[in-house]
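Tertiary structure, described
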Amino acid sequence: DSVSPRLCINSYYRSLLMGGNKDSNISKFLSQRFDSAMWIIKSIEQRRITMYKVIKSIVDVQRDFLDYGLTRLKPLTLKEIADIIEMHESTVSRTVNGKYIQTPRGVFELKFFFQTGLENTNGTSTSSESIKKMIEEIIESEDPYNPLSDQKISDNLKNRGIIISRRTVAKYRDELAIPSSTKRKRY
């Protein structure tokens, strides 16, 4: 709010309109322009309020990520945010499109917070970005002479309560540009 300029009607034109100009064409013209200006001002204010609601609800849902890091990012859908702020999903989509937010964890596109996820054994779910971070950490801490296979990484994640298939581990590992266990092996 402190960065956004405040819009208002120029006092000179307002006085012309309120002055009760005797020429009906001028009065009609000024009235139409005044209505157009007020519509723009109200529309911009509505947009600001919508952005505030969307960002506040994202921050509320993703508080653990902001406090503790990527491994705490929760799966989130546009529909969930739309339900929270009682607006249509398409409104939320248009609001987050091409917008960024500066957080203590860095600058993120708002779309980043809308992650798919996998079910956990305890009934909760974990975002794909969190799982990718866990896979990176597992691979970083592995024995380079005996690297973990995708199945062993899958089993390791299952021990942490995350149900994930070997194929999904392979897919995420490829997305992270991490080679397979045979290519990571040191001799």
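Residues numbered from 1 in each chain as written. Predicted model: local features only at pLDDT ≥ 70, side-chain atom pairs only at ≥ 80, totals over all residues. Heavy atoms only, no water.

For the rest of this paragraph, the subject is the nonpolar core. With 19 residues, the main nonpolar core has Ile-58, Ile-81, Val-92 and Phe-113 as its most contacted residues. Broken down by secondary-structure element, the contributors of at least two residues to this core are α2 (24-61), α3 (63-68), α4 (78-85) and α5 (89-96). Contact partners of Phe-113, with chain neighbours within four places excluded, come to Ile-58, Gln-62, Phe-65, Leu-73, Lys-74, Leu-76, Ile-101, Thr-103 and Phe-108. Counting 12 residues, the second-largest nonpolar core is a separate cluster that includes Met-134, Ile-138, Ile-164 and Tyr-172. (Core = buried A, V, L, I, M, F, W, Y, C linked by side-chain atoms within 4.5 Å. Buried < 20%, exposed > 50% of the residue type's maximum accessible area, 1.4 Å probe, protein only. Helix = DSSP H or I, 4+ residues; strand = E, 2+ residues; numbered from the N terminus. Contact = heavy atoms within 4.5 Å.)

Size it by volume and the second largest pocket reaches roughly 180 Å³. Around the second largest pocket, the lining residues are Ser-4, Pro-5, Arg-6, Leu-7, Ile-41, Ile-44, Glu-45 and Arg-48. A breakdown of the residues in the lining of the second largest pocket according to their chemical character gives four nonpolar, one polar and three charged. (1 Å grid on protein atoms, 1.4 Å probe; cavity = no way out; pocket = protein on both sides within 12 Å on 5 of 7 lines; lining within 4 Å. Points joined across faces, edges and corners; volume = space filled by probe spheres on them. Nonpolar A, V, L, I, M, F, W, Y, C, P; charged D, E, K, R; others polar.)

Once that is clear, we can look at the packing of aromatic side chains. Within this structure, the stated rule accounts for six aromatic pairs. Taken together, a centroid distance of 5.4 Å and an interplanar angle of 75° make the contact between Phe-65 and Phe-108 edge-to-face. Here Phe-65, found in helix α3, pairs with Phe-108, found in strand β2 (residues 106-109); they are 43 residues apart in sequence, far enough to count as distant. Neither residue differs from the other here; Phe-65 and Phe-108 are each classed as buried. The interplanar angle of 65° and the centroid separation of 5.9 Å between the aromatic rings of Phe-108 and Phe-113 together place this pair among those described as edge-to-face. Taking the relative accessible area as the measure of exposure, Phe-108 reaches 17% and is therefore buried. With relative accessibility at 2%, the residue Phe-113 sits in the buried group. Members of the aromatic cluster, connected to one another through ring pairs, are Phe-65, Phe-108, Phe-112 and Phe-113. A cation over a ring is seen here: Arg-72 above Tyr-68, with NZ or CZ 4.5 Å from the ring centre. (Phe/Tyr/Trp six-rings, centres within 6.5 Å; stacked < 30°, edge-to-face > 60°. Lys NZ or Arg CZ within 6 Å of the ring centre and 35° of its normal.)

It is worth spelling out a nonpolar patch on the surface at this point. On the surface, a cluster of nonpolar side chains totalling about 430 Å² of accessible area is made up of Leu-7, Trp-39, Ile-40 and Ile-44. Within the fold, Ile-40 resides in helix α2. (Patch = residues over 30% accessible without salt bridge, like charges linked within 9 Å, V, L, I, M, F, W, Y side chains within 5 Å. Areas by Shrake-Rupley, 256 points an atom, 1.4 Å probe, with all protein chains shown as cover. Salt bridge = Lys/Arg side-chain N within 4 Å of Asp/Glu carboxyl O.)

Once that is clear, we can look at unusual backbone geometry. With glycine set apart, most residues show a phi of negative sign, and most peptide bonds adopt trans. For Glu-86, which is not a glycine, the phi torsion comes out positive at approximately 55°. Looking at where Glu-86 falls in the secondary structure, it is placed in the loop between α4 and α5. Despite not being glycine, Ala-177 has its phi angle at roughly 60°, a positive value. With respect to the secondary-structure elements, Ala-177 resides in the loop between α8 (166-175) and α9 (181-184).

To continue, consider the side chain of Thr-103. Along the chain, Thr-103 turns up in strand β1 (residues 100-103). A polar contact of 3.1 Å, which involves the side chain of Thr-103, links it to the backbone nitrogen of Arg-105. A polar contact is formed between the side chain of Thr-103 and the backbone oxygen of Gly-106, at a distance of 2.7 Å. If sequence neighbours within four positions are ignored, Thr-103 has contacts with Leu-66, Phe-108 and Phe-113. (Polar contact = N/O pair within 3.5 Å; in protein donor to acceptor, adjacent residues only side chain to side chain.)

As a further point, take the side chain of Ser-127. When you line up the elements, Ser-127 lands in strand β4 (residues 125-127). Judged by relative accessible area, Ser-127 falls into the buried class, the value being 0%. Among the polar contacts made by the side chain of Ser-127, one reaches the main-chain carbonyl oxygen of Leu-73 at a distance of 2.9 Å.

The next subject is the pattern of salt bridges. Scanning all chains against the criterion turns up 10 salt bridges. Among the ionic pairs, Glu-45 bridges to Arg-48, the shortest N-O distance being 2.6 Å. One end of the pair, Glu-45, and the other, Arg-48, are both in helix α2, three residues apart, so they sit about a helical turn from each other. By relative accessible area, which is 26% here, Arg-48 ends up partly exposed. The closest approach of N and O atoms between Glu-175 and Lys-132, which form a salt bridge, is 2.5 Å. You can see Glu-175 sitting in helix α8 and its partner Lys-132 sitting in helix α6 (residues 128-140), a full 43 residues away along the chain. In this structure Glu-175 comes out as partly exposed when scored by relative accessible area, which is 44%.

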